[in-house]
Amino acid sequence: MSNKGEFELIREFFTRPATDASVHMGVGDDAALIAVPAAHELVVTTDTLVAGRHFPEDACAFDIGWKALAVNLSDLAAMGAQARWLTLALTLPASDEDFLREFARGFFALADQENVSLVGGDTTRGPLSITVTAMGVVPAGAALLRSGARIGDDVYVSGTPGDAGLGLRLVLGQWHDELSDAARDFALQRLQRPQPRLALGAQLRGVASACLDVSDGLAQDLGHLLQASHVGAELMLELLPRSAALAETDAAFADILALTSGDDYELLFTAPASARERVAAQDTLCTRIGTVTAAPGLVFFRDGRAIAMPQGGFLHF
Ligand SMILES: [Mg+2]
C-alpha cells in the first residue's frame, strides 16, 4: 500500500503484544520463528476468501474477519490438531478505517477465543480478498485423516448441518416462507460466525477412524472421506440431526439443506462401534447417521427404504 496512513492503521489494528512463548519472533523480522513442541507434527492449512465469491460484497467486516479465520481453524479441527499460529494476507480495494477496525475485531474475537497467535502478514491493494494460513500441532502419528474409515464403522456428524444453508438463502433473499425471528437469527449466526469444532477434533484423536470438516455439503464431503478410505456408506436420513430453526422448514427441504449446503463447518467422522460411549461422552452434539459399507458409494435410506439422493437447492457463495 502506498498510503502511509493505511500502514499505520494496519499496524494499529493487527499488532498485538507477544504473549505466546512459542513465538520466538513474530511480526518484525523477515519471517516468523516458531518453536514446535517436541514429538509433535506441524499441521498447516490455508484458504482464500474472495469478496463476491465466498461472501457477499456488502457482508459486515466483523463477520468477514471471523469467518476467514473460522474456515481455516475448521480444517485444523478436522485433523484433530490444536490451533496455534496464524498468518494473514489482506488484499484491500481502498483505505477504509472502519472496515479494517471491524475486520480486525472479528478476526481477533475468534483468535482470542481459540488462543491462537498472529505471527505474520502482508497487505496489498486490489479487490478484497483474505488469505489466512493456520498452523497447529498434533502428537506425532495421532492426526485424524480421511483415509481411516473401516467397514462396519459408524458415521457421525457434529452439530446440526443445514443451518448455514438456510442462513445463506436468507442473506440472498431466496427464503420466502415463514420463519420465526429466533430461527432467522440462529441461521444467520451459523452462516456468518461458524464455530470451528477444535475441542471436538482434539477429543476425537484415538476415537475417530477418519474425519473431515463439512465445507461443501455433508453428502459431497462424506463422498470425499469414503473415497479416501476406499469404502462406501449407508446414510439414514431420519437420523439427521435438525436444529429448531431447520425444523421450522419443510422436512424434505430440510434434508436437502442438511445434505447439500456448504458452510456448516461441522465435523463428519467415522468410528468403530466399540467407541460409541466415548463419542456420546463428547461435549459437542455428535449424531450417528449411518454405517460404513464395503460397497463403494453413498446410499440413502429413509425409514429402512433405499431412496435416491434428495435433489435440489445446490447453492454456494
Ligand atoms: Mg476441510
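Residues numbered from 1 in each chain as written. Predicted model: local features only at pLDDT ≥ 70, side-chain atom pairs only at ≥ 80, totals over all residues. Heavy atoms only, no water.

J.: What am I meant to see in the overall build of the protein chain here?
T.: Across its full length, the protein chain holds 10 helices and 13 strands. Here the C-alpha atoms of the protein chain give a radius of gyration of 20 Å, agreeing with the 20 Å that 2.2 N^0.38 yields for 317 residues. Across its three principal axes, the protein chain shows a C-alpha extent of roughly 65 × 50 × 30 Å. Relative to its full complement of 317 residues, the protein chain shows a buried share of 51%. The long-range fraction of contacts in the protein chain, counting pairs at least 24 apart against all pairs at least 6 apart in sequence, stands at 86%. Split by element, the accessible area of the protein chain, about 14200 Å² in all, is 52% carbon and sulfur. (Helix = DSSP H or I, 4+ residues; strand = E, 2+ residues; numbered from the N terminus. Rg over C-alpha atoms; globule rule 2.2 N^0.38 Å. Buried < 20%, exposed > 50% of the residue type's maximum accessible area, 1.4 Å probe, protein only. Contact = heavy atoms within 4.5 Å. Areas by Shrake-Rupley, 256 points an atom, 1.4 Å probe, with all protein chains shown as cover.)

J.: Is there a simple way to explain the packing of aromatic side chains in this structure?
T.: The geometry of an aromatic ring pair is captured by the separation of the ring centres together with the interplanar angle, meaning the angle of the planes. If you walk through the whole model with that rule in mind, you get seven aromatic pairs. Aromatic rings pair up to connect Phe14, Phe99, Phe103, Phe107 and Phe108 into one cluster. (Phe/Tyr/Trp six-rings, centres within 6.5 Å; stacked < 30°, edge-to-face > 60°.)

J.: Got a minute to help me understand the sheet that holds strand E3 (residues 40–50) in this structure?
T.: Backbone-to-backbone hydrogen bonds pair the strands of a sheet. The strands run either parallel or antiparallel. The strand order E3-E6-E4-E5 describes an open sheet built from four strands, whose pairing is mixed. The strands lining the two open edges of the sheet, one partner per strand, are E3 and strand E5 (117–125). In this sheet, adjacent strand axes meet at a mean angle of 15 degrees when their direction is disregarded. Note that strand E4 (residues 82–92) and E5 share eight bridges and pair parallel. Counted as the bridge partner of Leu90 is Thr123 from E5. Most of the contacts of helix H2 (residues 61–78) go to E3, to which it runs at about 145 degrees, and overall it touches E3, E4 and strand E6 (129–139). Relative to E4, helix H3 (residues 97–113) is tilted by about 165 degrees, and along the sheet it contacts E4, E5 and E6. (Pairing = 2+ DSSP bridges. Axes fitted to C-alpha atoms, helices over the stretch in contact; angles between N-to-C directions.)

J.: Can you walk me through the pairing of strand E8 (residues 210–213) in this structure?
T.: Consecutive side chains along a regular strand alternate between the two faces of the sheet. Burial along E8 is two-sided: Ala210 and Leu212 facing one way and Cys211 and Asp213 facing the other are all buried. Bridge analysis of E8 against strand E10 (residues 267–271) gives four bridges, and the strand direction is antiparallel. Counted as the bridge partner of Leu212 is Leu268 from E10.

J.: Would you mind going over the sheet that holds E10 with me for this structure?
T.: Read from one edge of the open sheet, seven strands run E8-E10-E7-E11-E9-E12-E13, paired in mixed fashion. Pairing within the sheet leaves two strands with one partner each, and these edge strands are E8 and strand E13 (305–307). Across the sheet, the axes of successive neighbouring strands diverge by a mean angle of 30 degrees, strand direction being ignored. Note: strand E7 (residues 154–158) against strand E11 (residues 286–293), five bridges, orientation antiparallel. Across the sheet, Ser158 pairs through a bridge with Cys286, a residue of E11. Across the sheet, H2 lies against E8 and E10, angled at about 175 degrees from E8, the strand it touches most.

J.: Is there a simple way to think about the coordination of the magnesium ion in this case?
T.: Surrounding the magnesium ion are the protein donor atoms Asp75 (OD) and Asp213 (OD), which sit 2.0 Å from the metal. Residue Asp75 is found in helix H2, and its partner Asp213 is found in strand E8; the two are separated by 138 residues along the sequence. Its relative accessible area of 3% is what places Asp213 among the buried residues. (Donors = N, O, S within 2.8 Å, 3.2 Å for Na, K, Ca; no water.)

J.: Looking at this structure, how should I read the packing of H2 against H3?
T.: Relative orientation and spacing of two packed helices are given, respectively, by the angle between their axes and the distance between those axes. Look at H2 against H3: their axes get within 6 Å of each other, and the N-to-C directions meet at 35 degrees. The handedness of the crossing between H2 and H3 comes out as right-handed. Contact with H2, carried on its side by Ala61, Phe62, Ile64, Gly65, Trp66, Leu69, Ala70 and Leu73, involves Phe99, Glu102, Phe103, Arg105, Gly106, Phe107, Ala109, Leu110, Ala111 and Gln113 of H3 and no other residues of that element. Across the contact of H2 with H3, the residue classes tally to 13 nonpolar, three polar and two charged. (Left-handed = near helix turned anticlockwise from the far one by under 90°. Nonpolar A, V, L, I, M, F, W, Y, C, P; charged D, E, K, R; others polar.)

J.: I keep staring at the pattern of salt bridges and nothing clicks. Help me out?
T.: One pass over the full model with this rule turns up 12 salt bridges. As a salt-bridge pair, Arg105 and Glu102 come within 3.0 Å of each other at their nearest N and O atoms. Pair noted here: Arg105 and Glu102 are both in helix H3, with a separation of three residues, about one helical turn. The class of Glu102 is partly exposed, set by a relative accessible area of 26%. (Salt bridge = Lys/Arg side-chain N within 4 Å of Asp/Glu carboxyl O.)

J.: Any chance you could explain helix H9 (residues 251–260) here in plain terms?
T.: Owing to its 3.6 residues per turn, the α-helix aligns residues three or four sequence positions apart on the same side. Taking burial as the measure, the 10 residues of H9 include seven buried ones, the bulk of the element. Among all positions in H9, only Ala254, Asp255, Ile256, Leu257, Ala258, Leu259 and Thr260 are buried. The inward-facing, buried residues of H9 abut helix H4 (163–171), helix H7 (218–229), strand E9 (232–236), helix H8 (244–247) and strand E12 (297–302). Sitting at the amino-terminal end of H9 is Asp250, which places a side-chain oxygen 3.3 Å from the backbone nitrogen of Ala252. (Polar contact = N/O pair within 3.5 Å; in protein donor to acceptor, adjacent residues only side chain to side chain.)

None of this, on its own, says anything about what the molecule does.
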